[in-house]
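Examination of the molecular architecture
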Amino acid sequence: AMSHQTGIKASPELLETFTCAQSKDTMRLVKVTIEDEILVASQVCDPQGDYKEDFSILASVLKDKEPCYVFYRLDSKHASGYDFIFVAWSPDFSHVKSKMLYAATKATIKSTFGKQYIKEELYGTVLSDVSLEAYEKHLASEAAPPPMTMEELEKEEIRQAETHADISISSRQQIATGVAFPTEQAAVDALNALKKGQVTYVQLALDLENEIVTLVRKDNFGIDDISAAIPDDHARYHVFNFKHSHEGDNIESIVFVYSCPGYKCSVKERMMYSSCKGPLIDVVEDQVSIPLTKKLEISEASEFTQEWLYDILHPVQVVFKQEFKRPQRPGKGGRRLIRNKK
């Protein structure tokens, strides 16, 4: 699915190199880069010893400001051919645009290579992330834990989500307001279309596996159309231009709404949506320059109604303020007027 997002495809030579690497033991690694919007094999290295002895070759092909992918061949095999480690290299000081391009193309390159050949994955921003020691630590942490109770699982999910938040993965950045996933181009284009008045509604989601903000849909919706489009089992972000009239004026108010259906989605999903919300609002307001009137949260689609939004945007002003009067002492009330009955 990701290939549609960047439109980047593998060169015929790269496909040949892949086939050769998977079936023969003549290559230890294939380094893949994006050149002129095509995935190419920019470097191939031969084996010198076993995969552990050769691990230092991996660091030697990585550059400190250039993202790339590396397929590193292990010595083990499965039914189709050799097993590989897939390495996504995205150094901290590389250009943000190229980090985003590589992050958005990651799913494409993996499916092009064939996921059945990828036994393990490593992600690196510094060389120590892709050393033999890091790989062995990764294997140890991947080793299956004993069965857990639901409570233990939930605690573990929270722990993993928290530790996850400190690591810079693909091109997401840990920033003061939360975790910033890159926003795919289709989503940015949809937000720009909303800004120009071409659509009124944009729904965005987090692709947690590929760590990117993706476009779910854009539409010319009235407010009554939206609740049907909100999933009841996953969190989502919504940007909506609410066109309405107030006190005789026609008003357009653009609101950002985060919908999260409570415990129907996993702890990790709730945590990631919650921590990506602030940085995404920054993208909407600062990069796309959409002025947001309100930032809101709902837990059920049915809450997204005209009355709800109208009341938030135009709260009833209490103009008449009653002054506080000290109560009068008993028997000392004000004079009563008694009409004379005629």
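For the structure, see preceding data.
Note that this is a predicted model, so its numbers are computed, not measured.

Conventions used here
- Residues numbered from 1 in each chain as written.
- Predicted model: local features only at pLDDT ≥ 70, side-chain atom pairs only at ≥ 80, totals over all residues.
- Heavy atoms only, no water.
- Pairing = 2+ DSSP bridges.
- Helix = DSSP H or I, 4+ residues; strand = E, 2+ residues; numbered from the N terminus.
- Axes fitted to C-alpha atoms, helices over the stretch in contact; angles between N-to-C directions.
- Contact = heavy atoms within 4.5 Å.
- Salt bridge = Lys/Arg side-chain N within 4 Å of Asp/Glu carboxyl O.
- Buried < 20%, exposed > 50% of the residue type's maximum accessible area, 1.4 Å probe, protein only.
- Phe/Tyr/Trp six-rings, centres within 6.5 Å; stacked < 30°, edge-to-face > 60°.
- Lys NZ or Arg CZ within 6 Å of the ring centre and 35° of its normal.

Turning to the sheet that holds strand S11 (residues 236-246), a few remarks are in order. Overall, mixed pairing links the five strands, which are arranged S10-S9-S11-S12-S13 in an open sheet. Each having just a single partner strand, strand S10 (212-219) and strand S13 (294-298) make up the two edges of the open sheet. Here the strands of the sheet are splayed against their neighbours by 25° on average, with no regard to which way each runs. Across eleven bridges, S11 lies against strand S12 (residues 249-259) in antiparallel orientation. The residue of S12 that forms the bridge with Phe242 is Ser253. Along the sheet face, helix H9 (residues 267-287) touches strand S9 (201-207), S10, S11, S12 and S13 and points at about 145° away from the line of S12.

So, on to the environment of Asp54. Structurally, Asp54 can be placed in the loop between strand S3 (38-45) and helix H3 (55-60). Put simply, Asp54 and Arg28 are 26 residues apart on the chain and 7.8 Å apart in space, counted from C-alpha to C-alpha.

In this section: the pattern of salt bridges. Throughout the structure, instances matching the rule amount to nine salt bridges. For Asp54, the salt bridge identified is with Arg28, shortest N-O distance 2.8 Å. A residue pair is termed long-range when its members are at least 10 positions apart, and Asp54 in the loop between S3 and H3 and Arg28 in the loop between helix H2 (12-23) and strand S2 (29-35) qualify at 26 residues. Given a relative accessible area of 1%, Arg28 falls into the buried group. Close ionic contact of Arg28 with Asp75 constitutes a salt bridge, the shortest N to O distance being 3.0 Å. Here Arg28 is found in the loop between H2 and S2, whereas its partner Asp75 is found in strand S4 (residues 68-77), with 47 residues between them in sequence. With relative accessibility at 37%, the residue Asp75 sits in the partly exposed group. Look at the salt bridges and you will find they share partners, linking Arg28, Asp54, Arg73 and Asp75 into a network.

All chains considered together, the criterion is met by 19 aromatic pairs. Both rings, one in Phe55 and one in Tyr135, keep their centres 5.6 Å apart while their planes meet at 25°; by these two values the pair is stacked. Note that Phe55 is positioned in helix H3 and Tyr135 in helix H5 (residues 132-142), a separation of 80 residues in sequence. The same class applies to Phe55 as to Tyr135, namely buried. Members of the aromatic cluster, each reached through a chain of ring pairs, are Phe18, Tyr69, Phe71, Phe84, Phe86, Tyr102, Phe113 and Tyr117. Directly above the ring of Tyr82 sits Arg73, whose terminal nitrogen or CZ lies 4.6 Å from the centroid. The ring of Tyr82 has Lys77 lying over it, and the distance from NZ or CZ to the ring centre is 4.7 Å.

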